[in-house]
Amino acid sequence: MKRGMILLYVSLMLMALSSAGQKARVMESLSMYSKILGGEIKYSVCLPADYYKTNKKYPVVYALHGLGSNESSWLEYGRIGRTADLAVANRQIIPMIYIMPQAFSTYYVNDYASTYRYQDMFMQELIPYIDSVYRTQGGRARATIGISMGGFGALILPMERPDLFTACVPLSVSIRTDQQYMTERSDEWNEKWGRLFGGVNTTGPARITDYYKKHSPMHMLADSDPVRWKGLRIYIDNGDDEQTLAYSNEELHYLLREKNIPHEYRVRNGGHEFGYWRDALPNGLRFISDAMEGKPYRGDIELKGINRRKSRHSPLQSVIVGERSLQAYFPRKYNIEQRLYPVIYVIGDLSPADQEHFSKVADRMMRNDELPPFIMIFLPETERDLENDIIPEVEKKYRVRPGFRNRSLFTTGKGAWALAYALTPERYTSCTVMEPSAEEGYFKKITEHTVAKKIERTWFFFGTSDKTPDYRASGDLHLLFKEKSIYHEYRVMQRTDNDDWKTLFLEEAFRFAIKKMHR
């Protein structure tokens, strides 16, 4: 019995010694004294898994929290440590150090009166302190990633000091256009922006102070030589359910495009919440990792899963509708089953290869039981007799399930003019607009008298890539529908040389249309 107790005691002692010998990789709410701010600044840190096993130096990622959060938010709600560890283990990213500083409600800037010089603290004290305490690479081997207020910080810090940073990933950037600043409610303006940029208790143009112009990313981009940020990699991600930020983030993208500043821009399904930002994290860290290694961005992870298997089977066939010869897709069992099918009418300047790609994506998803079967009819963008000629003839000649609920419209390119059809109540159950091309003001004109309540039974799905030539058309359409409170979803995906993004978009658009038909 005594021998057993001795063995147990020795075992417990060994466990205690082993535990004491382990060094923590994740440390929360450490602190650094700031002379500039006259007090302690807290920060949390995540070190790489091999930090204590080697003498290597690492790049640093500053993960910046949002308004109302603190230095613990990225750890607890963002799960940045776990996400980074998994990405390193799967060889998606290189090992990096993650620093999460406390920022209160500073927006990571110095206030106009210099009463609280947070940005000076960050640049002059925090960065040198982190470089002295941890094995960092120094130089420009730093990046920022941030959410909301932290998204503003993730953008403004590298813009102010591009000599210190290689990359930035602003998520749901809490930024405003001048028009938004000038019209924001006084209480919100004074509390959030006036105290930082000046102009407290003012309205209209008086809010656009000289200090604001000097330290606003929008004005900096508009008024400065873009060569200043030539070496800075930028990746912006914003949810389609955002309200104010939907407008300002889209305008930020427009400005970067107009200034020919290379960047990545994404709009995904979601809003202002950690669930959205956690989903953005793997690609954001992948982008930063590539930048740190001086490599071109490999692309978003989801593009790696694209099915590129080439099928010899062509699911397209020629049909005669009225006096027109058109291309159509019919489900594989169309000729051996006596049942009715919903129809998607596709209008656009699609090449024969594009039409075949649409059909093969739909065919594969049906064979994999990801979609129930449907018919697709392809129409040129010049077709103007869809409702009076094409649809009645198709529904008469083929086994089409009747009713608007089983009829969907899909427009692409110059075919976006046909969106006007879907604005008539209960003509189509859904309408997809892919990479639209339209004359300026066209969408505003056709929606001038549209009332959201009257078309609430039609769902809309818009999307494009971040580098499409006609980049304003889809963004303006998204913002127009937001202004009118018309239900829709919006996507901006990564443009690729092989147009893989179109496959992802088609898959999501088909699911969207069928979900509406079957809800």
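Being a predicted model, the structure only gives us computed values, none of them experimental.

Topic: the overall build of the chain
Consideration 1: When you go through the chain residue by residue, the secondary structure sums to 17 helices and 16 strands.
Consideration 2: Its C-alpha atoms give the chain principal-axis dimensions of about 85 × 80 × 40 Å.
Consideration 3: Out of the 519 residues belonging to the chain, those deemed buried represent 56%.
Consideration 4: Taking the contacts inside the chain whose residues are at least 6 apart along the sequence as the reference set, 74% of them involve residues at least 24 apart.
Consideration 5: Just so you have it, the chain exposes about 23800 Å², and 49% of that area is on carbon and sulfur atoms.
Consideration 6: Looking at charge distribution, the chain has the averaged site of its 72 positive side-chain charges lying 6 Å from that of its 65 negative ones.

Quick notes on helix H16 (residues 471-483)
Consideration 1: Over its 13 residues, H16 extends 19 Å from the first C-alpha to the last, a length consistent with the 18 Å expected when each residue adds 1.5 Å.
Consideration 2: Within H16, ten of the 13 residues are buried, leaving the element largely enclosed by the surrounding structure.
Consideration 3: Buried residues along H16 sit against helix H10 (244-258), helix H14 (419-422), strand S14 (430-436), helix H15 (442-446), strand S15 (459-465) and strand S16 (488-493).
Consideration 4: A positive backbone phi angle near 55 degrees is found at Ser-485, which sits one or two residues after H16.

Some points on the packing of aromatic side chains
Consideration 1: In this structure the tally under the stated criterion is 41 aromatic pairs.
Consideration 2: With a centroid separation of 6.4 Å and an interplanar angle of 50 degrees, the aromatic rings of Phe-410 and Phe-510 are classed as tilted. In this pair, Phe-410 is assigned in strand S13 (residues 407-413) and Phe-510 in helix H17 (residues 500-518), connecting sequence segments 100 residues apart. Neither Phe-410 nor Phe-510 differs from the other in exposure class; each is buried.
Consideration 3: Relative to Phe-462, the ring of Phe-460 has its centre 6.3 Å away and its plane inclined at 50 degrees; by these criteria the two rings are tilted. One exposure class covers both Phe-460 and Phe-462, and it is buried.
Consideration 4: Taken together, the ring pairs in this structure connect Tyr-107, Phe-152, Tyr-181, Trp-189, Trp-193, Phe-197, Tyr-211 and Tyr-212 into an aromatic cluster.

Thoughts on the confidence of the model for the chain
Consideration 1: Mean pLDDT over the chain stands at 93; residues scoring 70 or higher make up 94%.
Consideration 2: Taken together, the stretch residues 10-21 has pLDDT below 50 and engages in zero contacts with residues farther than four places along the chain or on a different chain.

Some details on the pattern of salt bridges
Consideration 1: Under the defined criterion, the tally for this structure stands at 35 salt bridges.
Consideration 2: The shortest N-O distance in the salt bridge between Lys-295 and Glu-293 comes to 3.5 Å.
Consideration 3: Residue classification places Lys-295 among the partly exposed positions, given a relative accessible area of 41%.
Consideration 4: By relative accessible area, which is 39% here, Glu-293 ends up partly exposed.
Consideration 5: The partner of Lys-467 in a salt bridge is Asp-466, and the shortest N-O contact between them spans 2.7 Å.

Some remarks on the side chain of Arg-324
Consideration 1: Within the secondary structure layout, Arg-324 lies in strand S10 (residues 324-329).
Consideration 2: Reaching out from Arg-324, the side chain makes a polar contact with the side chain of Asp-389 at a distance of 2.7 Å.
Consideration 3: Sequence-distant contacts of Arg-324, defined by excluding residues within four places in its chain, comprise Val-319, Glu-383, Asp-385, Asp-389 and Ile-390.

A word on the environment of Glu-370
Consideration 1: Tracing the sequence through the fold places Glu-370 in the loop between helix H12 (352-367) and strand S12 (375-379).
Consideration 2: Owing to a relative accessible area of 34%, Glu-370 belongs among the partly exposed residues under this scheme.
Consideration 3: Expressed as a C-alpha distance, the spacing of Glu-370 and Lys-444, which sit 74 residues apart in the sequence, is 36 Å.
Consideration 4: Those residues in contact with Glu-370 that sit more than four places away from it in its chain are Arg-364, Met-365 and Arg-511.
Consideration 5: A distance of 3.1 Å separates the side chain of Glu-370 from the side chain of Arg-511, its partner in a polar contact.

Thoughts on the packing of helix H3 (residues 80-89) against helix H11 (residues 274-292)
Consideration 1: Packing of H3 against H11 leaves a shortest axis separation of 10 Å and a crossing angle of 55 degrees. Judged by the inter-axis angle, H3 sits oblique to H11. Read as a crossing pair, H3 and H11 show a hand that is right-handed. Between H3 and H11, the residues in contact are Ile-80, Thr-83 and Ala-84 and Leu-281, Pro-282 and Leu-285, respectively.
Consideration 2: Class assignment of the residues belonging to the contact of H3 with H11 gives a composition of five nonpolar, one polar and no charged.

A few points about the pairing of strand S2 (residues 39-46)
Consideration 1: Burial analysis of S2 places six of its eight residues in the buried class, which makes it a mostly covered element.
Consideration 2: Where strand S1 (residues 26-34) lies against S2, seven bridges are found, and the strand directions are antiparallel. What sits directly across from Leu-30, in S2, is Tyr-43.
Consideration 3: Here S1 hands over to S2 after four residues, with Gly-38 in that stretch at a positive phi of 70 degrees.
Consideration 4: Where S2 and strand S4 (residues 97-101) come together, four bridges link them in antiparallel fashion. Counted as the bridge partner of Ser-44 is Met-100 from S4.

Digging into helix H7 (residues 186-197)
Consideration 1: Over its twelve residues, H7 extends only 14 Å from the first C-alpha to the last, a length that falls short of the 16 Å expected when each residue adds 1.5 Å.
Consideration 2: For H7, the complete set of buried residues consists of Trp-189, Lys-192, Trp-193, Gly-194, Leu-196 and Phe-197. Along the axis of H7, the buried residues cluster in a sector spanning 160 degrees; they form a single face.
Consideration 3: Against the buried residues of H7 lie helix H5 (149-160), helix H6 (178-183) and helix H8 (210-215).
Consideration 4: One or two residues past the end of H7 sits Gly-198, with phi positive at roughly 90 degrees.

Definitions and cut-offs
- Residues numbered from 1 in each chain as written.
- Predicted model: local features only at pLDDT ≥ 70, side-chain atom pairs only at ≥ 80, totals over all residues.
- Heavy atoms only, no water.
- Helix = DSSP H or I, 4+ residues; strand = E, 2+ residues; numbered from the N terminus.
- Buried < 20%, exposed > 50% of the residue type's maximum accessible area, 1.4 Å probe, protein only.
- Contact = heavy atoms within 4.5 Å.
- Areas by Shrake-Rupley, 256 points an atom, 1.4 Å probe, with all protein chains shown as cover.
- Lys, Arg positive; Asp, Glu negative; His and termini not counted.
- Charge placed at Lys NZ, Arg CZ, Asp CG, Glu CD.
- Expected span 1.5 Å × (residues − 1).
- Phe/Tyr/Trp six-rings, centres within 6.5 Å; stacked < 30°, edge-to-face > 60°.
- pLDDT = per-residue confidence, 0-100.
- Salt bridge = Lys/Arg side-chain N within 4 Å of Asp/Glu carboxyl O.
- Polar contact = N/O pair within 3.5 Å; in protein donor to acceptor, adjacent residues only side chain to side chain.
- Axes fitted to C-alpha atoms, helices over the stretch in contact; angles between N-to-C directions.
- Parallel < 35°, antiparallel > 145°, perpendicular 65-115°, else oblique.
- Left-handed = near helix turned anticlockwise from the far one by under 90°.
- Nonpolar A, V, L, I, M, F, W, Y, C, P; charged D, E, K, R; others polar.
- Pairing = 2+ DSSP bridges.
- Arc of directions from axis to C-beta.

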